[in-house]
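Here are the chains, one letter per residue:
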Amino acid sequence: MSPPPASPISRYPVPPIEGLPDDLRARILEVQAKSGFVPNVFLAFSHRPDEFRAFFAYHDALMLRAPSGPNGLSKGEKEMIVVATSGANHCLYCVVAHGAILRIYEKNPLLADQVAINHRKAQITPRQMAMLDFAMKVCTDSAALGEADFAALRMHGFTDEDAWDIGAITALFGLSNRMANLTSMQPNPEFYLMGRVPKAKG
């Protein structure tokens, strides 16, 4: 009996890589060379090249920028924000994909699942707990943010610029979560096991 056909990665058409504008094609091939596969978000968003460019420009500005100070957000902490808030938004793609990245950055195979389900039960530092408390409020009740929320971050060494980063990452991935759910974007199978099992020593 033949296996069932592979599920589409998006309910919208995904153009072939070779037919994309040069800059999108170059970005996708660069990611493929680095990762060994093309994350489906790049393929799904290529349905609208101008929006692809806008989304990834903001993504890179937030996620690839160096910390704003000595106590700024690490790469792993940025991914914690993505995973926790994507869990709250029930985004399969972002929880699975960014959970894999979080496991790799933090070298912890358990952390992503904990953070995605209930960050207050996760094995994280008090500082990271405060960071995720703030992110979750931005995610679920941003209208209620007040000075006390910023003060709680400052108690753990975060600056107001760090608060901006936490909020902006939450907001960007709020958009990403909703687009992933709109398009029924499917995570790549490769993401599920990344960072869970130590690599065999050669």
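That block above? That's the structure.
Residues numbered from 1 in each chain as written. Predicted model: local features only at pLDDT ≥ 70, side-chain atom pairs only at ≥ 80, totals over all residues. Heavy atoms only, no water.

(A) Focus on the packing of helix H4 (residues 75-88) against helix H6 (residues 111-118). Close contact between H4 and H6 brings their axes to 7 Å; oriented N to C, the two are set at 45°. As the angle between them shows, H4 and H6 are arranged oblique. Judged by the twist between their axes, the crossing of H4 over H6 is right-handed. Taken together, the residues of H6 that come into contact with H4 (itself represented by Met-80, Val-83, Ala-84 and Gly-87) are Leu-111, Ala-112, Val-115 and Ala-116. Among the residues making up the contact of H4 with H6, the classes are represented as 7 nonpolar, 1 polar and no charged. (Axes fitted to C-alpha atoms, helices over the stretch in contact; angles between N-to-C directions. Helix = DSSP H or I, 4+ residues; strand = E, 2+ residues; numbered from the N terminus. Parallel < 35°, antiparallel > 145°, perpendicular 65-115°, else oblique. Left-handed = near helix turned anticlockwise from the far one by under 90°. Contact = heavy atoms within 4.5 Å. Nonpolar A, V, L, I, M, F, W, Y, C, P; charged D, E, K, R; others polar.)

(B) View of unusual backbone geometry. Not every positive phi belongs to a glycine, and Lys-107 is a case in point at roughly 50°. In this fold, Lys-107 is placed in the loop between helix H5 (92-106) and H6. Even without being glycine, Ser-184 reaches a positive phi, approximately 55°. With respect to the element layout, Ser-184 can be found in the loop between helix H9 (160-183) and helix H10 (189-193).

(C) Fine view of the layout of surface pockets. For the largest pocket, the calculated volume is near 890 Å³. Lys-34, Ser-35, His-59, Ile-101 and Tyr-105 are the residues nearest the centre of the largest pocket, which is lined by 28 residues in total. Mapped onto the lining of the largest pocket, the elements with two or more residues apiece are helix H1 (22-35), helix H2 (40-45), helix H3 (49-63), H4, H5 and H9. It is H5 that contributes the most residues to the lining of the largest pocket, 7 residues altogether. (1 Å grid on protein atoms, 1.4 Å probe; cavity = no way out; pocket = protein on both sides within 12 Å on 5 of 7 lines; lining within 4 Å. Points joined across faces, edges and corners; volume = space filled by probe spheres on them.)

(D) Representation of the state of the cysteines in the model. Applying the stated criterion across every chain yields a total of 0 disulfides. Considering cysteine sulfurs only, Cys-94 is the nearest to Cys-91, which forms no disulfide, with 3.6 Å between them. Taking the relative accessible area as the measure of exposure, Cys-94 reaches 1% and is therefore buried. (Disulfide = S-S within 2.5 Å. Buried < 20%, exposed > 50% of the residue type's maximum accessible area, 1.4 Å probe, protein only.)

(E) Geometry of the packing of H1 against H3. For the pair H1 and H3, interaxial distance at closest approach is 10 Å and the crossing angle is 50°. In this view, H1 runs oblique relative to H3, as classed from their interaxial angle. Along this stretch, H1 crosses H3, giving a crossing that reads as left-handed. The residues of H3 that touch H1, namely those facing Asp-23, Leu-24, Arg-27 and Ile-28, are Pro-49, Phe-52, Arg-53, Phe-56 and Asp-60. Grouping the constituent residues of the contact of H1 with H3 by class yields 5 nonpolar, no polar and 4 charged.

(F) Layout of the pattern of salt bridges. Under the counting rule described, the total for this entry stands at 12 salt bridges. Residue Arg-25 is joined to Asp-22 by a salt bridge in which the shortest nitrogen-to-oxygen separation is 2.6 Å. With Arg-25 and Asp-22 both in helix H1 and 3 residues apart, this pair spans about one turn of that helix. According to the relative accessible area criterion, Asp-22 is exposed, its value standing at 57%. The partner of Asp-160 in a salt bridge is Arg-154, with the nearest N and O atoms 3.2 Å apart. Residue class for Asp-160 comes out partly exposed when judged on its relative accessible area of 41%. Relative accessible area serves as the criterion here: at 37%, Arg-154 is assigned to the partly exposed category. Each of the salt bridges in this network shares a partner with another, and the network as a whole consists of Asp-23, Asp-50 and Arg-53. (Salt bridge = Lys/Arg side-chain N within 4 Å of Asp/Glu carboxyl O.)

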